[in-house]
Amino acid sequence: MPNETYPIYTGLFPVAPTPFTETGDLDLEGQRRVIDCMVDQKVDGICILANYSEQFLLSDDERKLLVDLCLSHVAGRVPVMVTCSHFSTRIALARARHAAESGASLVMLMPPYHGYGLNADEVGTLEHFSRVADAARIPIMVQDAPLSGVTLTVPFLVRLAQQVPLVSYFKIEVPFAAAKLRSLVQLGGETIIGPFDGEEAISMMADLDAGASGTMSSALLPDLLRPVIDHHRAGRRCESREAYARVLPLINFENRQCGLRAAKSVMAEGGVIKCEAVRHPLAQIDPDTRRGLIELAHEANPLALYWGH
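Read on for a plain summary of the structure. Note that the structure is predicted; figures quoted are calculated from it, not measured. Every residue gets a number counted from 1 within its own chain, in the order that chain's sequence is written. Where local features are concerned, this predicted model is filtered to residues with pLDDT of at least 70; where side-chain atom pairs are given and counted, the filter is 80 or more; whole-chain, interface and lining totals use all residues. As a rule here, side-chain values come from all non-hydrogen atoms in the structure, and water together with hydrogens is ignored.

The pocket and cavity definitions rest on a 1 Å grid over protein atoms only: a 1.4 Å probe that fits but cannot leave marks a cavity, an open set with protein on both sides within 12 Å along at least five of seven lines marks a pocket, and residues lining either have an atom within 4 Å of a point. Grid points are joined across faces, edges and corners, and a volume is the space filled by probe spheres set on the points. Reported here for the largest pocket is a volume of approximately 390 Å³. Lining the largest pocket are 18 residues, and of these N51, Y52, Q143, E173 and E200 sit closest to its centre. When residue character is reported, Ala, Val, Leu, Ile, Met, Phe, Trp, Tyr, Cys and Pro are called nonpolar, Asp, Glu, Lys and Arg charged, and the others, Gly included, polar. Here the lining of the largest pocket is built from residues that sort into 9 nonpolar, 5 polar and 4 charged. Considering only enclosed or pocket space, the second largest pocket measures out at about 300 Å³ in volume. Across the lining of the second largest pocket, the residue classes tally to 7 nonpolar, 6 polar and no charged.

Put into structure tokens, the structure is as follows:
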């Protein structure tokens, strides 16, 4: 079983944004500062090259560069998860092998898809994860998100965990996530090592109540999610709920108004990075939306807002 060989990962595993320069090039020094800020946020791990890292706007060479840079800069301070999703099994397993060889602790995969209508059936999806697991030989997190257009049923996820033991972590960020997490934990039992909350922690409290052992937010405010998780883990649900209520307006604004731009804008405001630009064809954050975001951020006061000053 994976938990007999590998550490069990829980808690805060936020997604690192990928900073760019004004000309759209990678800001490598900014990426190092992002990593340092996240370590100072007292995270339990860091996920790189995820959707909120704009992974779909990065070239293969840029991906390899960022894997090597981030893992070398983290230098073992926290575990690192590398997203390796691709429709091609050959490419996904090559990415996962490189991540593992570079020192990643886990990899994350969405089910194979290319656009909303081109995806694998359950047989192909199971084989996809199995071949990636054979190549990487480290734990795998399944990203169950609407973006793929693929419906991953609870019975299939349990079968996947049973037949491919390294597939033992699950980031559930679909509508009614808490109900799905609860069913997954109940049906999968000990094969479900890491049931995780996602989608910027917008349903984190309900997901923790349902059995989630961790959350994958953005890098906007993981330090403010720390008391939510710690209180809940210690059985102090009222304190956990109160801590969550204090940050929920900012989480909601990020989730509903900003998306992946929020962490970049707050980190730019806080001097973590110099430029908050996203890559084209994504639109830059609207100035009025940015003002609303920063106003809420000042009320919540996450570390990212002042780390660089």
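This is not the end of the story, as more comes after the structure.
Another point: unusual backbone geometry. Cis geometry is adopted by the peptide bond preceding P281, which originates at H280 and carries an omega value of 15°. Starting at the N terminus, helices and strands are each numbered in turn, a helix being any DSSP run of H or I of at least four residues and a strand any DSSP run of E of at least two. In this fold, P281 is placed in the loop between α11 (261–269) and α12 (287–300). The phi angle at F176 is positive, at roughly 60°, despite the residue not being glycine. With respect to the element layout, F176 can be found in the loop between β6 (167–172) and α7 (177–188). Backbone geometry places N301, a non-glycine residue, at a positive phi of 65°. Along the polypeptide, N301 turns up in the segment after α12.

Moving on, we get to empty space enclosed by the protein. Considering all chains together, one arrives at 2 cavities of 30 Å³ or more under this definition. What the largest cavity holds in volume is close to 40 Å³. What lines the largest cavity is simply A16, P17, T18, Q31, I48, L49, S53, L66 and C70. Its residues assigned to classes, the lining of the largest cavity shows 6 nonpolar, 3 polar and no charged.

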